[in-house]
Amino acid sequence: MGSFNLMTPSSEVRCSSSNTLFHVQEKLHLPSSSLKFYGFHNQNYCKLSSMDTEASRKPKHVTFCLQGKSDLVESPHPKGKIVVGERCVRTLLIDNYDSYTYNVYQELAVINGVPPVVIHNNEWNWEYICHLLYEEKAFDNIVLSPGPGTPTSPSDIGICLRILRECKDVPILGICLGHQALGYAHGAQIVHAPSPIHGRLSEIEHCGTKLFHGIPSGQGSGFKVVRYHSLVIDAVSLPVVLTPIAWTSSTRTYSYLETEECRIGSHFDDIPTGHTDNGHSRCFQSAKGVDVDKVLMGIMHATRPHYGVQFHPESVATCYGRQILENFRKITLDYWSDLSSIHQGKVAHVCSSDRALLEKKFRVLNERSSSFSDMHQRVVNAHKNLTLKWRKLEAFANQVGGSESIFCELFGSQKAKDTFWLDSSFMDQRRARFSFMGGVGGQLWKRFTFRLSKNDDATAQGSGYLSFEDAYGLRGSTFLEKGFLDFLEKELLSFHHRKEEFEGLPFDFVGGYVGFLGYGIKEECGMSPNSHISETPDACFFFVDQFVVVDHTNHDVYILSVCDHASTSSTGRSDHVRSERSWLDETEAKLLNLKMMTNENDRKTQFVPLTLADYDEAFSMEKSRSEYLEDVKRCMAYINDGESYELCLTMQMKKKIKKLDALGLYLYLRAKNPAPYAAWLHFSDEDLFICSSSPERFLQLDRDGVLEAKPIKGTIARGSSRDKDDHQKWLLQNSEKDQAENLMIVDLLRNDLGRVCEPGSVHVPRLMELETYATVHTLVSTIRGKKRKDVSSVACVRAAFPGGSMTGAPKRRSVEILDSLEDSSRGIYSGCIGFFSYNQTFDLNIVIRTIVIHKNEASIGAGGAIVALSKPVDEYEETMLKASALMKAMVEYESLSEDSSSIV
């Protein structure tokens, strides 16, 4: 049995998921301004232009043209080859508020030749859907997505049951919850599975129906699928109109690393046959023949073109997942071709709907539509023409003691007031290369603080108050009705720049916004309103126009300054702020005069380590051990009932402080626990210090338009000796639970990127790689995709925030559950820290392994992913493991600096 080596040096993972989104160069060559959807009902077609590319929930500027055309288009061939002459297929994808729907979307966009139209299950009423299907003939098939909950709950399943009962003559594929809905709609019972399965794989047997054409069957065949479900269709309760077509081949499940390589693209002589002319299998004539020890994994309707699969064909680790969706495409084409040849021009049934009313709805949709280009046009008149000047000191950093020495010399005085340091203090294993640092800058510098409104009115969700101060000391505030991210997006779109000014720089940040987004900003990203109010601001940023960059690979140091000359001439106050040239000269002179620090190791003074009790008792826990264990059990109950696949349960540890040099604490922390996405931030108006040693990247967008996420799931403590450490690595790499956690979040991040990336571009170059830090080993995956040109940088963040590794999946439902279980706001913890550059790039971490000091109180957040395989005691111990390095560092530093006169 083959296995995947976590330490593979290859640039692209080749895993058992075969052709499921591991292709990198595959693209659809579709016109950017218009997507033509060609149908098969009487060769009619409709044209949908300027679709809602961020969420694809409603077609925009919809014009239905019934001109009898029979045009052929370029359509993707299996394995990504474009074949001229194949028709594209128009899919209506019903999103049951799942976090994997856009993985299905990405796959169908490649397979069908055009992206599907995605709507939530409560977004369009039945009359509207019926009109589109039967009068306008807008769609050729329907896919019902996975989702949380149960099809027995109207709020969970929405319009799906009526679609399944009424649309007798439209091909439908239900996935997971959609599969269960197909069974429930026709009288089958929904029951708990023998055990919840999330992020694990099973071998599948099938009867060789059209849906599984070209796919092997049974044990040892290589057909393994990823399962995310706690509920199943009771096979014994299947009515005669539903036929079982697939089931687990055994009760055993596999972790990802146990899976064999699939023989992709080949054909097998041992695939079961026995098809009837209509594609029905002769394997079972009724549910009576079902082996109750095996779990039902697929069904089909006896007379309708309706299919369901319990597993997730869109998962990155499912074998032959794309083949199943390609087979459904073929089923759709064959169905309409056969129907057309028998009943030319037949419309199965026409709903009694008010056509004028529906046309009015389309006009309203058109009027309400707002695209990225529209927003750009609205702010273009308020643009700022920014110019960049920079200097480079080659191989300089290691001559003056590194980035720490540079920061302390340039920005460390007066408690490092209003300073930032995006600090790549750990550069191993292809991780972050550059550090960015700065303080109060030039004419464009500003400090922004945002707090969400406490208004319970749903219409005000995401709104709040923004206060700001500029470099001249002028202050102001404003109410942001649409929230901080809307403000940030408009600001970034208002900047104009010349690319040639920074083309010689090896990094992407050339000035702009540096700061954090707190967890509460999720309100602006499609999540439910926050249950708790944060004591810290929900977002704080500097607009940075003067800063220093350290290249840790070449040890080069860059000095950069951004200026808006029009603004300088209009204010007439340039004497109050250092000019661009004088700041460059002054900073270069300071660096050239900086001597090597002789006492660099003074902060690493050896002393007797404190015990767990020494620092555990110093912090007050938000929840006791027993309370946390009970919450873990509640999480597992939600998972068992199908409400979530994974829940990242967290809590806060807090400590009152009197005297503390916060910058000294950060320097001590980075020496004890270096991390690739570490950060220091100080916002003086809030008395707020952030000392982060985060090892996790949330999301990055580079100047080539490539988005990258690097979620961490799976953590284990380092061993006390080399042999014990190697054993700990082995345990982590072979943990089915940790692999399941990681796989679930990888699929979630693929979904989030799939919302904003070009079809076919989302891929996973590295899956579950082992990374080692000072105190822990972790499993880290990398997901990348090519951002669509019609999507803004802030829209990318909005699509993925908060980071899936801090929520669980499905994200929206998981966040609601976590809000009900956690006793306080997460605040800055679980948010992100980083930059938004005025050249539309950004790089943000996940705020974990972080000490937040606010108004004489230090807080540390920690938690872990709860899954079906969790053990409450183990989850508590993992949470304490993650927090212990920070608590220990703080108590140790306090013991070393008792005589410090610096008061926070």
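Residues numbered from 1 in each chain as written. Predicted model: local features only at pLDDT ≥ 70, side-chain atom pairs only at ≥ 80, totals over all residues. Heavy atoms only, no water.

A. Local environment of the overall build of the chain. From N to C terminus, the chain includes 20 helices and 40 strands. Long-range pairs, those at least 24 residues apart, make up 78% of the contacts in the chain with a sequence separation of at least 6. When the accessible area of the chain is evaluated, it comes to approximately 33,600 Å², of which 48% is carbon and sulfur surface. (Helix = DSSP H or I, 4+ residues; strand = E, 2+ residues; numbered from the N terminus. Contact = heavy atoms within 4.5 Å. Areas by Shrake-Rupley, 256 points an atom, 1.4 Å probe, with all protein chains shown as cover.)

B. Structural view of the nonpolar core. Among the nonpolar cores identified, the biggest contains 101 residues, and Phe-436, Leu-517 and Phe-836 are the most heavily contacted of them. The greatest single-element share of this core, amounting to eight residues, is contributed by helix α17 (residues 736-754). Every residue in contact with Phe-436, bar those within four places of it in the chain, is listed here: Phe-420, Trp-421, Leu-422, Phe-507, Phe-509, Phe-547, Val-548, Val-549 and Phe-835. In terms of nonpolar packing, the next biggest core, distinct from the first, is built from 61 residues, Cys-635, Ala-675, Ile-851 and Ala-858 among them. (Core = buried A, V, L, I, M, F, W, Y, C linked by side-chain atoms within 4.5 Å. Buried < 20%, exposed > 50% of the residue type's maximum accessible area, 1.4 Å probe, protein only.)

C. View of the environment of Arg-475. Residue placement: Arg-475 occurs in strand β21 (residues 475-480). Distance from Arg-475 to Lys-446, taken between C-alpha atoms, is 9.6 Å for residues 29 residues apart in sequence. The residues contacting Arg-475, other than those within four sequence positions of it, are Arg-447, Phe-468 and Glu-469. Within polar-contact distance, the side chain of Arg-475 engages the side chain of Glu-469 at 3.1 Å. (Polar contact = N/O pair within 3.5 Å; in protein donor to acceptor, adjacent residues only side chain to side chain.)

D. Local environment of helix α1 (residues 101-112). For α1, spanning twelve residues, the distance from its first C-alpha to its last is 16 Å, which sits close to the expected 16 Å at 1.5 Å a residue. In terms of burial, α1 is largely enclosed, as twelve of its twelve residues are buried. Within the span of α1, buried status applies to Thr-101, Tyr-102, Asn-103, Val-104, Tyr-105, Gln-106, Glu-107, Leu-108, Ala-109, Val-110, Ile-111 and Asn-112. Backbone geometry just downstream of α1 places Gly-113 in the positive-phi region, at approximately 95°. (Expected span 1.5 Å × (residues − 1).)

E. Highlighting empty space enclosed by the protein. One pass over the structure, following the stated rule, counts nine cavities of 30 Å³ or more. Put simply, the largest cavity is a space of about 180 Å³. Taken together, 19 residues form the lining of the largest cavity, with Met-806, Ile-848, Arg-849, Gly-863 and Lys-882 sitting closest to its centre. Breaking the lining of the largest cavity down by element, the ones donating at least two residues are β33 (712-717), β40 (857-866) and α20 (872-896). Its residues placed into classes, the lining of the largest cavity shows seven nonpolar, six polar and six charged. Quantified by volume, the second largest cavity comes out at close to 90 Å³. Along the wall of the second largest cavity there are 13 residues; nearest its centre are Gly-147, Gly-149, His-229, Ser-230 and Gly-642. Secondary-structure elements contributing two or more residues to the lining of the second largest cavity are α5 (177-185) and β11 (224-233). Among the elements that make up the lining of the second largest cavity, the one with the highest residue count is β11 (four residues). By residue class, the composition of the lining of the second largest cavity is five nonpolar, eight polar and no charged. (1 Å grid on protein atoms, 1.4 Å probe; cavity = no way out; pocket = protein on both sides within 12 Å on 5 of 7 lines; lining within 4 Å. Points joined across faces, edges and corners; volume = space filled by probe spheres on them. Nonpolar A, V, L, I, M, F, W, Y, C, P; charged D, E, K, R; others polar.)

F. Fine view of the confidence of the model for the chain. For the chain, the mean per-residue pLDDT works out to 81, and 76% of the residues sit at or above 70. Note that pLDDT drops below 50 for residues 343-370; the model gives that stretch 39 contacts with residues more than four away or on any other chain. For residues 899-904, every residue scores under 50 in pLDDT, and the model assigns this stretch 18 contacts once sequence neighbours within four places are set aside. (pLDDT = per-residue confidence, 0-100.)

G. Main features of the packing of aromatic side chains. Within this structure, the stated rule accounts for 40 aromatic pairs. Within the aromatic cluster, the residues linked to one another by ring pairs are Phe-448, Phe-450, Phe-468, Phe-484, Phe-487, Phe-495, Tyr-513, Phe-541, Phe-543, Phe-836, Tyr-838 and Phe-842. The ring of Tyr-254 carries Lys-224 above its face, with NZ or CZ at 4.9 Å from the centroid. The ring of Tyr-519 is capped by Arg-826, whose NZ or CZ atom sits 4.4 Å from the centre of that ring. (Phe/Tyr/Trp six-rings, centres within 6.5 Å; stacked < 30°, edge-to-face > 60°. Lys NZ or Arg CZ within 6 Å of the ring centre and 35° of its normal.)

H. Representation of helix α18 (residues 793-800) within the structure. With respect to burial, α18 is a largely interior element, eight of its eight residues being buried. Every buried residue belonging to α18 is among Ser-793, Val-794, Ala-795, Cys-796, Val-797, Arg-798, Ala-799 and Ala-800, and all of these are buried.

I. View of the environment of Phe-507. In this fold, Phe-507 is placed in the loop between β22 (495-496) and β23 (512-517). Taking C-alpha positions, Phe-507 is 8.9 Å from Val-549, a pair spaced 42 residues apart along the chain. Residues in contact with Phe-507, not counting those within four places in the same chain, are Phe-434, Phe-436, Val-549, Tyr-558, Leu-560 and Arg-703.

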